[in-house]
Amino acid sequence: MIQSVETHPTLAEAQRAMGSDAIFMAGGTLVMRDVNAGVPARRIVRSTDPVLAHIRLSGDGVAIGAGVTMAMVAAHRDLTFLAPVARAIGGPQIRNMATVGGNLFAPHPYGDLAVALLALGARVALAGQSGAARPLADVVRDRGRVGLVASVQVPRPQAPADFGFLKASRIKPKGVSVLSVAAHLPRQGGRIRGARVVFGAMGPTPLQAIAVERVLDGQNLDAATIARAAQVAVDGLDPPTDALATAWYRREVAGVHLKRLLERMARS
Amino acid sequence: MIEFRKEFFADERDDNLNEIGKPTRRQDILGHVTGRSPFFDDHLFDGLLHIRCVRSPHHHARIRRIDTAEAQAMPGVVRVLTGRDVPRNLNTLLSLLDFGIDDEPLLADSKVAYKGEPVAAIIAETEAQARAAVTKVRVDWEVRPHVLDVEEAIRPGAPVVCEVYKTNKFIYHGKYDHQKMRYGDVEAAFARADHIVEGRYQMSPIEQAPIETCGAIAAPETNDRYVCYTSTQALFFSLGTAAKVLTTPSNRFHFIGGTVGGGFGGKVDSVHEPIAILGAMLTGRPCKFAWDREEEMQVGAPRGAERWYIKDGVARDGRILARKFTGYFDSGAYTRLSSYAIIKSVGHLPGPYTIPNVHADVYCVYTNRTPATAMRGFGITGVDFAIEAHMDKVAEAVAMNPIDLRILNAYRDGDMKAHRREAKNCALIECCQVVADKAGIALQAASRAASSLRDGGGERGRLPAHTALDQHGVVTGIDTGGYARKTGAQGRPARHIEMPGYTMPTAASAGRAPAQSPARPGAASTAASPSTATEPPRPAPADGGNRRQGAMRFSAISGLRRR
Amino acid sequence: MAKTPVVFVLNGSERAAFAAPGQNLLELLRRGVGDLSPKYGCGQGTCGACTVAIDGETHLACLTLAESVAGRRVDTAAGLASGGQLHPLQDAFMQTFAAQCGYCTPGMLISAKALLDRNPTPTREDVVEAISGNICRCTGYEPIIEAILVAARGRERA
């Protein structure tokens, strides 16, 4: 049962206040539902650090504060490539509350933004760590013990058509993911170089589809390549069975949705 | 978009009505749009206590011991309830109509039969404190084998789900382990048919999922009464149930309801009111017992799953000559309203079609699933899905357009229905014609010319010359007791009997059966004269009437009694 | 467990209540200050019955930490009517039969008002998107969508 709520003016102070009996709350969409259900934590730690809500250009990327909400992402002029992803998350109320930082820790079947950020090769700046930002893939893998996120640095795709995102849900317009998939396919002379394809809701965390990336690299995004990519869509993934879909169903449709996404990207 | 097609049956209708056919404003809508409609939880009480249940993590287990000591000592805990605190800890909802044997505890004390079944209730100062204390109740479980499939549940040797019904089948009218319909002779008709079309249809349970979860608040009132604000859809049903399980005259309860945040059938089970009132009785303070969303979805009784087998005998020209149903309703661990759903269902067979030979055996089966209850047309919508899917299958077998097939077989005014009533005010043909028109489907000339008002009755209006009867599934030695019996002040509790399962009736037991039953015990395979149905109703024999008074009254409302 | 005093502006009036640690805004509004218009439906952010506006943005009261509204402006369906006059959305909901049981209605109204405040001439798609976080189990949405469009058209004419 929660015994206290501590609100700190800076993220660094919040970081120091954390401990095994504490839970950090940002937008509250994940933490408060656990608190309502009787989470075993004793302390809620929050921070009102204004830096958390910053969005600023840095180099050829954008640094997004961990406290930036989905609604802010959807509305910001420098984040148009992420706007369709942010708009696919929750309803308007959730988007006004849920944060970029929180989405990195969202358990299955949530975390669609993290899927997109992972495909874009985002890096994460952690609170109280001055060194280089860590790759998001590491943070997602170790997310039980990475500490507090200060910001996410997202490289902007060179051309808008290089990045695509698709979410399959049973209820429209708002529904939880049966699966989501994001692809970042930078092109050099028409050929894909450094493909990154990431699935959401196909494992405990967002997972990179290495086999798909291997198929795509060095190729034109043509029908034959797309067909081969779809064939290996679920290699290395571990889709769960939940109230939304069985593992079997997710395996069956993963290739179909990947194909639809790649075809859409090939057309644009 | 509603379209009134007033050209149909115009002479059967008086359109000079004040309200019908004209929009009118809901009387409660001002409260709704201003947020002032008083739902059960919109009543504030100082010192309100909160109740949360300790629930079984197992599908099926015996309870060896419940240790509440640690929970009792948790901060804010005022009282812990177990089955011992419930004055009459065994009930079945329809006992108020004398239908069925008490089979379900309010708080399980000897065994649990579904995952989430409550075994104790914590009463605490805050909901969070009640939640925390729930985790501190220690239950010593002896896990038993469970069964989750209806057909597996009725096989010999299956785990006994419900101790009252040891064959995992509800006993209908103290006589059969299923609800029966016999009309004509399906087997003889199958032998004559050009096609036999068979199908198996399975429905899932469906949660009503009202936005307001089920709940009740009870508080001590003046004059030694208790007020109870409740989300129930069935206020007097919940009042009667609370009075029964708390062995308290109902005039000591002041029930207030009627503002329900969505129900759809899921708010009739009357489990919240008695627990909230019991809490108020034992603590002397206002108590709220409400489910959270997870409970609503997990232990809230759904529309039960149904499995249907349908076998049709069909003539080459598409006429359905015979239809045989075997149905299994998944009642979950207890009866609740599934027994009644089946009565409705069998009264609905064989769907809106004139079929001269119909046979149905429909079982209310206990499994280790969440008990099922009411939901919008329960007992009807599930089997309608099966029937209409099957009609399409029949159409395919005889290479007919499925709408033509429906019009060919549809009830017409004056036809005899399988439950021995005359079909009146039929309109399926006209509906089919409009649907075909709107969907751009070309019908046969005969279908276009057909009318519900023509070609019915006559030969189609007569009872079959011969109805094949049998004693399949007869059960003897059952006394269903009688809670609401008017003769005798206390009513008579159900006799807990050893159920022999399928026992052929003795002459004596067959002789006790009422004369009105369509399928006469002891009269297997004898012809029922068509004239018997037109005899004027006879008064029931005095002793038989007394003995079976409750069940007879229920039969009357469910259309089983011949009129 | 120390409770925290929370002072905020509810429907234009300053209110104060004590929040227990971890208490959500829905509980504070309903039990703390007696505004019963936001409803509990799930406690998980799924149904939208507890939708309120915080500084003009829609939020889910069940997922909002009560003390986080200190010093902020909270608006609920109870404050929609003013001076005995219903809000145009309330009139439109009555006119189009946009409420059956009425339980989702307060949340729907707040989501609809946030839309019209931001976008006075919404398309049908805008309306569908704006109420996509509010579940209704009775009316089937169409009368609700119609009500919001009717209210928008009425405002346009005014």
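Residues numbered from 1 in each chain as written. Chains lettered and ligands numbered in written order. Predicted model: local features only at pLDDT ≥ 70, side-chain atom pairs only at ≥ 80, totals over all residues.

Let's shift gears to the overall build of chain C. In terms of regular secondary structure, chain C is built from five helices and five strands. In chain C, the succession of helices and strands from N to C terminus is β-β-α-β-β-β-α-α-α-α. Computed over C-alpha atoms, the radius of gyration of chain C comes to 16 Å, within 12% of the 15 Å expected from 2.2 N^0.38 for 158 residues, which places it in the range of a compact globule. Along the longest, intermediate and shortest principal axes, the C-alpha atoms of chain C span 50 × 30 × 25 Å. Across the 158 residues of chain C, 59% fall into the buried class. When contacts within chain C are restricted to residue pairs at least 6 apart in sequence, long-range pairs at least 24 apart make up 58% of them. (Helix = DSSP H or I, 4+ residues; strand = E, 2+ residues; numbered from the N terminus. Rg over C-alpha atoms; globule rule 2.2 N^0.38 Å. Buried ≥ 20, exposed ≤ 12 C-beta atoms within 10 Å, placed from the backbone. Contact = placed C-beta atoms within 7 Å.)

A separate point is the overall build of chain B. Check the secondary structure of chain B and you find 16 helices and 15 strands. Taking all contacts inside chain B whose residues are at least 6 apart in sequence as the whole, residues at least 24 apart take part in 78%.

Residue and element names in this part refer to chain C. When its domains are assigned, chain C resolves into domain 1 (4–79) and domain 2 (88–157). Placing a centre on the C-alpha atoms of domain 1 and another on those of domain 2 gives a separation of 21 Å. Listed by partner, the interface residues are 14 residues for domain 1 and twelve residues for domain 2. In terms of residue count, the dominant contributor to the side of domain 1 that touches domain 2 is strand E3 (residues 51–54) (three residues). Partitioning the side of domain 1 that touches domain 2 into residue classes produces seven nonpolar, six polar and one charged. (Domains from an automatic or database assignment. Nonpolar A, V, L, I, M, F, W, Y, C, P; charged D, E, K, R; others polar.)

To continue, consider the sheet that holds strand E2 (residues 22–24) of chain A. All names here are of chain A. On the basis of which strands lie adjacent, the open sheet formed by three strands has the order E1-E3-E2 and parallel pairing. In the strand order of this sheet, the two ends are held by strand E1 (4–8) and E2, each with one partner. Between one strand axis and the next, the sheet turns by 25 degrees as a mean value, whatever way the strands run. One ladder, built from five bridges, connects E1 with strand E3 (residues 43–47); its direction is parallel. Looking across to E3, one finds that Glu6 is bridged to Val45. (Pairing = 2+ DSSP bridges. Axes fitted to C-alpha atoms, helices over the stretch in contact; angles between N-to-C directions.)

This part is about the interface of chain C and chain A. Each partner contributes to the interface: chain C provides 24 residues, whereas chain A provides 21 residues. Listing elements by their share of the side of chain C that touches chain A, those giving two or more residues are strand E4 (57–60) and helix H4 (124–130) of chain C. Per element, the largest residue contribution to the side of chain C that touches chain A is four residues, and it comes from E4(C). Counted by class, the side of chain C that touches chain A contains eight nonpolar, 13 polar and three charged residues.

All names here are of chain C. Pairing between E3 and E4: four bridges, direction antiparallel. Across the sheet, Thr51 pairs through a bridge with Leu60, a residue of E4. Count of turn residues in the E3/E4 antiparallel hairpin: two residues, of which Asp55 carries a positive phi of about 50 degrees.

What follows covers the sheet that holds strand E14 (residues 207–208) of chain A. Residues and elements named next belong to chain A. Pairing in this open sheet of four strands is antiparallel, and the strands run E9-E10-E13-E14 from one edge to the other. Looking at the sheet topology across the chains shown, the edges are occupied by strand E9 (163–169) and E14. Running over the sheet, helix H11 (residues 247–267) touches E9, strand E10 (177–184) and strand E13 (196–200) and is turned about 40 degrees from E10.

Here the focus is helix H12 (residues 428–439) of chain B. Residue and element names in this part refer to chain B. Between its terminal C-alpha atoms H12 stretches 16 Å, which fits the 16 Å expected from twelve residues at 1.5 Å a residue. Here H12 has its buried residues at Ile429, Cys432 and Ala436. Along the long axis of H12, the arc covered by the buried residues comes to 60 degrees, so they all point the same way. Exposed side of H12, more than 90 degrees from the buried face: Val435, Asp437 and Lys438 are the residues found there. Considering only its buried residues, H12 is in contact with helix H11 (402–409). (Expected span 1.5 Å × (residues − 1). Arc of directions from axis to C-beta.)

What follows deals with the interface of chain B and chain C. Contacts between chain B and chain C engage 24 residues on the former and 31 residues on the latter. Grouping the constituent residues of the side of chain B that touches chain C by class yields nine nonpolar, seven polar and eight charged.

Okay, the packing of helix H10 (residues 223–231) of chain A against H11(A) next. All names here are of chain A. For the pair H10 and H11, the least separation of the axes is 8 Å and the interaxial angle reads 155 degrees. In terms of their interaxial angle, H10 and H11 are classed as roughly antiparallel. For the pair H10 and H11, the crossing hand works out as right-handed. On the side of H10, the interface is formed by Ile226, Ala229, Ala230 and Gln231, while H11 contributes Gly255, Leu258, Lys259, Leu262, Glu263 and Ala266. Partitioning the contact of H10 with H11 into residue classes produces six nonpolar, two polar and two charged. (Parallel < 35°, antiparallel > 145°, perpendicular 65-115°, else oblique. Left-handed = near helix turned anticlockwise from the far one by under 90°.)

Now for the nonpolar core. One finds A:Ala116, A:Leu117, B:Ala120, B:Ile122, B:Ala218, B:Ala276 and B:Ile277 to be the most contacted residues of the largest nonpolar core, which totals 281 residues. In this structure, B:Ala276 is in contact with B:Ile51, B:Ala216, B:Ile217, B:Ala218, B:Cys228, B:Cys287, B:Lys288 and B:Phe289, ignoring residues within four places of it in sequence. (Core = buried A, V, L, I, M, F, W, Y, C linked by C-beta atoms within 7 Å.)

Residues and elements named next belong to chain A. Note on placement: Ala75 falls in helix H3 (residues 70–75). Given 14 C-beta atoms within a 10 Å radius, Ala75 is considered partly exposed. Sequence separation of Ala75 and Ala86 is eleven residues, and the distance between their C-alpha atoms is 9.3 Å.

Another point: the environment of B:His59. Residues and elements named next belong to chain B. Secondary-structure assignment places His59 in the loop between strand E1 (49–55) and strand E2 (61–67). Overall, the presence of 23 C-beta atoms within 10 Å leaves His59 in the buried class. Counting along the chain gives 254 residues from His59 to Gly313, while the straight-line C-alpha distance between them is 41 Å.

A separate point is the domain arrangement of chain B. It is common to give the size of an interface as the accessible area lost on bringing the parts into contact. Residues and elements named next belong to chain B. Along its sequence, chain B is carved into domain 1 (49–144 + 208–298) and domain 2 (147–206 + 303–563). Listed per partner, the contact involves 27 residues of domain 1 and 34 residues of domain 2. A breakdown of the residues in the side of domain 1 that touches domain 2 according to their chemical character gives ten nonpolar, nine polar and eight charged.

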